[in-house]
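Observations on chain architecture
Chain by chain, the residues run as shown.
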Amino acid sequence: MSTAFLTSWKVRVGLGILAFFCLLAVFGPWLVDSLLGLDPRENDTAVIAQPPGADHLLGTNQFGQDVLAQVVAGARGSMYVGLLGAVVGTAMAILIGVPAGYYGGKVDAGLNFLTNLFLVLPVLPLILIVAGYLEGTGITTIALIIGFFGWSGGARTLRAQALSIANRDFVRAMRMLGERGRRLVFAEVLPHLTGLIASMFLHAMIGAVMAEAGLAFLGISDSSAISWGTMIQSAQQQSAVLRGLWWWFVPPGLCIALIGTACALVNFGVDEIANPKLRVARPVSARRAKRLARTGGGA
Amino acid sequence: MSTVLRDQAPEADTPEYVLEARDVSKHFTVRGPLGGTTVVRAVEDATVRLRPGQILALVGESGSGKTTLARMLARFHEPTRGEIVLRGERVSGNRRAQRAYHSEVQLIFQDPFGSLNPLHRVRYNLDRALCLHQPHLTAKGRETRIAELLERVSLTPAADYTTKFPHELSGGQRQRVVIARALAVEPKVLLGDEPISMLDVSIRLEMLNLLKGLRTEDGLALLYITHDIASARYLCDEIAVMYAGQMVESGPKEDVIASPQHPYTKLLIESSPDPERGVGDRDKLFAGADELGEPPSLIDPPTGCRFHPRCPFAMPECAVEAPPRTELGGGHWAKCWLHAKGRAGELAGTTHAAATVARREKLQGAS
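Computed from a predicted model, the values in this text were never measured in an experiment. Within every chain, residues take consecutive numbers counted from 1 along the sequence as written. In the order they appear in the text, chains get letters beginning with A and ligands get numbers beginning with 1. pLDDT decides what is reported in this predicted model: residues at 70 or higher carry local features, side-chain atom pairs at 80 or more are listed and counted, and totals for whole chains, interfaces and linings draw on all residues regardless.

This part is about the domain arrangement of chain B. All names here are of chain B. Examined at the domain level, chain B breaks down into domain 1 (2-104 + 187-366) and domain 2 (114-186). Centre-to-centre separation of domain 1 and domain 2, based on C-alpha positions: 32 Å. Contact residues are listed per partner, giving 11 residues for domain 1 and 10 residues for domain 2. For helices the rule is a DSSP run of H or I covering at least 4 residues; for strands it is a run of E covering at least 2, with both sets numbered from the N terminus onward. Among the elements that take part in the side of domain 1 that touches domain 2, helix 8 (residues 201-218) stands out by supplying 4 residues, more than any other. For this classification, Asp, Glu, Lys and Arg are treated as charged, while Ala, Val, Leu, Ile, Met, Phe, Trp, Tyr, Cys and Pro are nonpolar and the rest, including Gly, are polar. Here the residues of the side of domain 1 that touches domain 2 are counted per class, giving 8 nonpolar, 1 polar and 2 charged. Each domain's extent was defined by an automatic or database domain assignment. Throughout, a pair of residues is in contact if the C-beta atoms placed from their backbones lie within 7 Å.

In this complex, chain B contributes 20 residues to the contact, which on the side of chain A involves 12 residues. Counting residues per element, the ones that place at least two in the side of chain B that touches chain A are helix 3 (95-102), strand 6 (105-108) and helix 4 (122-133) of chain B. When residues of the side of chain B that touches chain A are assigned to their parent elements, the largest contribution, 4 residues, is made by helix 4 of chain B. Here the residues of the side of chain B that touches chain A are counted per class, giving 9 nonpolar, 7 polar and 4 charged.

Now for the nonpolar core. In terms of nonpolar packing, the biggest core is built from 168 residues, with B:Leu56, B:Ala57, B:Leu73, B:Leu191, B:Leu223, B:Tyr224 and B:Val241 touching the most fellow members. Here this core takes 20 residues from helix 3 (residues 67-103) of chain A, the largest share from any one element. When we break this core down by domain, the ones giving at least three residues each are domain 1 (2-104 + 187-366) and domain 2 (114-186) of chain B. Note on terminology: a nonpolar core is any set of buried Ala, Val, Leu, Ile, Met, Phe, Trp, Tyr and Cys residues joined through C-beta atoms within 7 Å. Note on burial: count the other C-beta atoms lying within 10 Å of the residue's C-beta; 20 or more is buried, 12 or fewer is exposed, in between is partly exposed, and C-beta positions come from the backbone.

It is worth spelling out the pairing of strand 1 (residues 19-31) of chain B at this point. Residues and elements named next belong to chain B. The pairing criterion for strands is at least two bridges between them, as found by DSSP. Note that strand 1 and strand 2 (residues 37-50) share 10 bridges and pair antiparallel. Paired with Phe 28 across the strands is Val 40, a residue of strand 2. Where strand 1 folds back onto strand 2 in an antiparallel hairpin, the turn is made up of 5 residues, including Gly 35, whose phi is positive at roughly 90°. Both strand 1 and strand 4 (residues 81-86) contribute to a ladder of 5 bridges, which runs antiparallel.

Below, the discussion takes up the pairing of strand 8 (residues 221-226) of chain B. Residues and elements named next belong to chain B. Most of strand 8 sits inside the fold, with 6 of its 6 residues counted as buried. Here strand 8 shows no split at all, with Ala 221, Leu 223 and Ile 225 on one side and Leu 222, Tyr 224 and Thr 226 on the other all buried. One ladder, built from 5 bridges, connects strand 3 (residues 55-59) with strand 8; its direction is parallel. Residue Leu 58 lies in a different strand from strand 8, and its bridge partner there is Ile 225. For strand 7 (residues 189-193) and strand 8, the ladder comprises 5 bridges, and the chain directions are parallel. By the bridge assignment, Leu 191 is partnered in strand 8 with Leu 223. With the strands aimed away from the viewer, a crossover counts as right-handed if its path from the first strand over the helix to the second runs clockwise. Remark: the strand 7/helix 8/strand 8 crossover connection has right-handed handedness.

This is the structure we're talking about:
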């Protein structure tokens, strides 16, 4: 399965981009500091709002901070929020959706009620209120809030899938063998949902990165933390668009778009595994089929 | 029914039954779209008794309640009425009792493609069964036991099969793995819910021989559910026939097949293909085959004998009252009014299809 998964160019490109950003998030700030000697927070009043040049590869912003250093530091912040938000959201979706579908009855009624409740809650306004209420909090809290309010759709999907799998013969057979409930859920049912969960996780990650950017843009974020969202927000506050300081807001925006694209590309690959109908013929097999048809026609 | 049990009591004490279903019924409540409920009487007052080293075949057409009965015996459904008795003790519904029950009774599902988790290797399936039921075994002990089990079901060399995923195995091999998994528990009773019906015809015989071997060598009691009377004849010692949720006839296999004492059994036996039957007889034999009718609805079953709308021998009382059970000696019994009315001889003299044609002509002549 794993090798088949990697043969798709979409998955390769998507994973490549994601890997690049992960590496950037982990090692980037250190590299920028040691190789270029730049500090994302340092205000150099000599160079204010400079366009990209030799000293500052991506220019500087209104406060004389280096945009490249900020983008790299922002990658760490945004990827952290994205991953943590997605982990929290997906974990909650699994812990609530799968048991609901598997156990059914009263457990299902309770958990499903909770899911429906979260499903109809207006999430963004609620995040605004909660984030505003938990004032002065760090980037971790933002990630947790995003995850906590973003699990319901996934739980719904997982519940439906678990419901169908729980009634299959192999689960019955293992139950008859004396396998206990928790193990049945996690060893028999859950592995069938990995494709779905992987795709949900990627979806949640894009969602969390976007949500963080959106919240930061609205000013609900830790102002001292650097993320792509806070960069865009401060660019907006300093009217960077009107003043034509494109190098200030384009790089972080592009990074967000790239992460979204990468997740979507990997998702396509996951979908192709889950639904073979979506699979396109690989170029090699297509060429071989054509050649066979040609020689067959000639003979 | 209670009178019947009393009749049987002296006989029932002598042989040691390992698993019994006593007068079990299962009614399913189905909720309609408008909130109304209907009751499906899937099984009514069925009695099944299994002896160690004996194979009982449960025969009947689709929808006659065979699988529901097997699932009650496997404790997937709680009987609506009646009781399941294991070694003379009534089994209770709590979870621990259920686990103990399943260490003695295992069900083999009909579909070997559905009863193995496609994500687990053969080794995992057997290993889990051993972990749960033979906790004293060490990892090494389990490994040798897995090899033994695979050899028991003729999957040799065992080492080739332990690391395989279900999709790498054929249907017959999967069903062998399923049987090996059931055997890992070291059960006393195996319930086979049409264990060969999803397999290729070419490997059915091997499967039947495997089941036969388990019976003779390991002394397992086996309930073999099928709609194929030929395989029942090959494998089993006794046959019980079910129709529309009720048992209609039961007895030693040769008696039942050679001289069926219920019109439905006769229909079943005659509708199974027999290569020895001459080609010339075919037209005569199947003359009435297209008017044999269909099994009745279990929501609103026919009154009296449930077979009477399809029965060429039906009498007025058949539609009114359920027929009594008639003992025919040697453990063979049938529930049919023909015996009570002394018309049993008619059954042997004709075929089901011929009787149907004769009845139609008679009715047409009368009208």
